[in-house]
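# Working through the structure, step by step
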Amino acid sequence: QRTHTINNFDRNGDDPHVDIFDSQGVFKLYSEEINLISPAEERLSYVLGAFVQRTESVIEDVKNNGFNVTGEAGDLGGLVQGSAFPYLGLATPYKKREDEYSAFVDLKYELTSQWIAELGVRYSKYKLTNHTDIVIGDGLSLPTIPFFQGAQRLDENDVDAKLSLTY
């Protein structure tokens, strides 16, 4: 899946439009799941599977109309006087990538015609990288004052299990 979105709107609903939020981004999603399923009508049934997904998000910087807010008089303590220049934006593109992987098995055993035992185990791995550089300005020129800059990373693993007896 690939999505390109543009979100431009006039926040104060007035003319001239002096309180505007603009954003634009490209978001890509890749995913696949593969399952091996046991034949039907057996006392022991199973599902073995694997899942992979990647999400990539990019929002361009303020110079490329990726993310900016243009304010009206009174915003930022009166510094912005309804100018055509944004007072908040991204100095560099916002980039985020998420990777997810998992493998799983689910076993069901029919003990009797009324009782079923089930055991399931799933291993998951999740990785995230994110870079953000938000800047602010005075409304007289493109924003350049650092507000928040940083990279975020997360790498985690998890094992989940299920055990049930159904009547």
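Up top you'll find the structure we're talking about.
So, how was this worked out
Residues numbered from 1 in each chain as written. Predicted model: local features only at pLDDT ≥ 70, side-chain atom pairs only at ≥ 80, totals over all residues. Heavy atoms only, no water. Helix = DSSP H or I, 4+ residues; strand = E, 2+ residues; numbered from the N terminus. Buried < 20%, exposed > 50% of the residue type's maximum accessible area, 1.4 Å probe, protein only. Contact = heavy atoms within 4.5 Å. Pairing = 2+ DSSP bridges. Polar contact = N/O pair within 3.5 Å; in protein donor to acceptor, adjacent residues only side chain to side chain. Salt bridge = Lys/Arg side-chain N within 4 Å of Asp/Glu carboxyl O. Phe/Tyr/Trp six-rings, centres within 6.5 Å; stacked < 30°, edge-to-face > 60°.

This next bit is on the overall build of the protein. Per the secondary structure count, the protein includes zero helices and eight strands. If you list the helices and strands of the protein from N to C, you get β-β-β-β-β-β-β-β. When burial is assessed residue by residue, the protein has 26% of its 167 residues classed as buried. A fraction of 61% describes how many contacts in the protein between residues 6 or more apart in sequence connect residues 24 or more apart.

Here strand β2 (residues 20-37) pairs with strand β3 (residues 44-59) via 13 bridges, running antiparallel. Bridging from a neighbouring strand, S31 pairs with Q53 of β3. Between β2 and the antiparallel strand that follows it, β3, lie six residues; E41 among them carries a positive phi value of about 65°. As judged from the 16 bridges shared by β3 and strand β6 (residues 94-110), these two strands associate in the antiparallel manner. Looking at the pairing, S57 lines up with K96 of β6.

What follows deals with the pairing of strand β7 (residues 116-136). Sheet analysis places strand β5 (residues 88-90) next to β7, joined by three bridges and oriented antiparallel. Bridging across to β7, L88 finds its partner in I136. Adjacent in sequence and paired antiparallel, β6 and β7 are bridged by five residues. As paired strands, β7 and strand β8 (residues 145-166) are joined by 21 bridges and run antiparallel to one another.

Our next topic: the environment of R43. With respect to the helices and strands, the residue R43 is situated in the loop between β2 and β3. Sequence spacing of R43 and K108 is 65 residues, and the spatial spacing of their C-alpha atoms is 7.9 Å. Sequence-distant contacts of R43, defined by excluding residues within four places in its chain, comprise K108, Y109, E110, L111 and T112. Of the polar contacts made by the side chain of R43, one reaches the backbone oxygen of E110; its length is 2.9 Å. One polar contact links the side chain of R43 to the main-chain carbonyl oxygen of L111, over a distance of 2.7 Å.

Moving on, we get to the pattern of salt bridges. It is possible for side chains of opposite charge to pair when their charged atoms get near one another. Inspection of the entire model under this criterion finds five salt bridges. The residue D99 makes a salt bridge to R97 at a minimum N-O spacing of 3.0 Å. A relative accessible area of 7% places D99 in the buried class. Among the salt bridges present, the one from K162 reaches E118, with a minimum N-O distance of 3.4 Å. Linking K162 in strand β8 with E118 in strand β7, this pair joins segments that are 44 residues apart in sequence.

On to the packing of aromatic side chains, then. Applying the stated criterion across every chain yields a total of one aromatic pair. Judged by centre distance (4.9 Å) and plane angle (50°), the rings of W115 and Y167 are tilted. Here W115, found in the loop between β6 and β7, pairs with Y167, found in the segment after β8; they are 52 residues apart in sequence, far enough to count as distant. Of the residues examined, W115 reaches a relative accessible area of 35% and is grouped as partly exposed.

These figures capture arrangement, not role.
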